[in-house]
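Commentary on secondary and tertiary structure
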Amino acid sequence: MTTPDSSPDDREVRRRRMVRRVIAVAVIVPSILVVLVAAGAIAMRFVSDDPAQWHVDPLTAPTPSTPNSYRVAPVDAAIDRDRDAPTYTLSAAELATAFDRIALADARTEVLAGSADEGFVTYVQRSAFFAFPDYISVRFIDTDAGSTLAVFSRSRFGQSDLGVNEKRVTRWLDELA
């Protein structure tokens, strides 16, 4: 605040202090945000994936209350689904082998539990930057006409997955066709 008896030098000193404060805030606040984001990205890579919690049967696992999941199930399955599962002329074992090859070829995807040989497997795929885990449980089923499958893909964190689970499952199923 300028008073009538303030000298131009006093006003200049106050102006310079104000400019320094503004610059300090403009540098410090973004720097703190960058450090917090980097710490979060690093911490996410050390989150434990507990197979007892995430290796679930896609035909019986409850649907999460958050809209960040996507489920494909056979037409006759008594569970909520986002899409009916296609049928294949392959045996369930052959379908499992083909699906496993497609899933594991996708970036940052690995088997969490089970195996294609067992006919029931859960994969974990992590997002590129933050490494948020998504879990994809798949059961392969023999039918009279060949085989089908049930897939339950869900995000561990967040309220919305921005359609990532649906896109992943759709892409993998399209590659099977």
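Report on the accompanying structure. (Residues numbered from 1 in each chain as written. Predicted model: local features only at pLDDT ≥ 70, side-chain atom pairs only at ≥ 80, totals over all residues. Heavy atoms only, no water.)

1. Re the pairing of strand β5 (residues 133-143)
Sheet analysis places strand β4 (residues 120-126) next to β5, joined by 7 bridges and oriented antiparallel. Bridge pairing in β5 links Thr122 to Ser137. Hairpin connection of β4 to β5: 6 residues between the antiparallel strands, including Ala131 at a positive phi of 65°. Linkage of β5 to strand β6 (residues 146-155), two consecutive antiparallel strands, is achieved through a turn of 2 residues. (Pairing = 2+ DSSP bridges. Helix = DSSP H or I, 4+ residues; strand = E, 2+ residues; numbered from the N terminus.)

2. Observations concerning the nonpolar core
Core analysis: the biggest nonpolar cluster contains 23 residues, and Phe99, Val138, Phe140, Leu149, Leu173 and Leu176 have the highest contact counts within it. Going through the elements one at a time, β1 (69-73), α3 (92-105), β4, β5, β6 and α4 (164-176) are the ones with two or more residues in this core. Element by element, the count of residues in this core is highest for α3, at 7 residues. Sequence-distant contacts of Val138, defined by excluding residues within four places in its chain, comprise Pro58, Phe99, Gly119, Phe120, Val121, Tyr123, Leu149, Ala150 and Val151. (Core = buried A, V, L, I, M, F, W, Y, C linked by side-chain atoms within 4.5 Å. Buried < 20%, exposed > 50% of the residue type's maximum accessible area, 1.4 Å probe, protein only. Contact = heavy atoms within 4.5 Å.)

3. Digging into the sheet that holds strand β2 (residues 83-84)
With respect to topology, 6 strands assemble into an open sheet ordered β2-β1-β6-β5-β4-β3, the strand pairing being mixed. Strands with a single pairing partner mark the edges of an open sheet, and in this sheet they are β2 and β3 (109-115). Of the strand pairs in this sheet, β3 and β4 are connected by 6 bridges, and their pairing is antiparallel. Bridging from a neighbouring strand, Ala113 pairs with Thr122 of β4. Against the sheet, α3 contacts β3, β4, β5 and β6, and its axis sits at roughly 160° relative to β5. (Axes fitted to C-alpha atoms, helices over the stretch in contact; angles between N-to-C directions.)

That is the geometry; function is a separate question.
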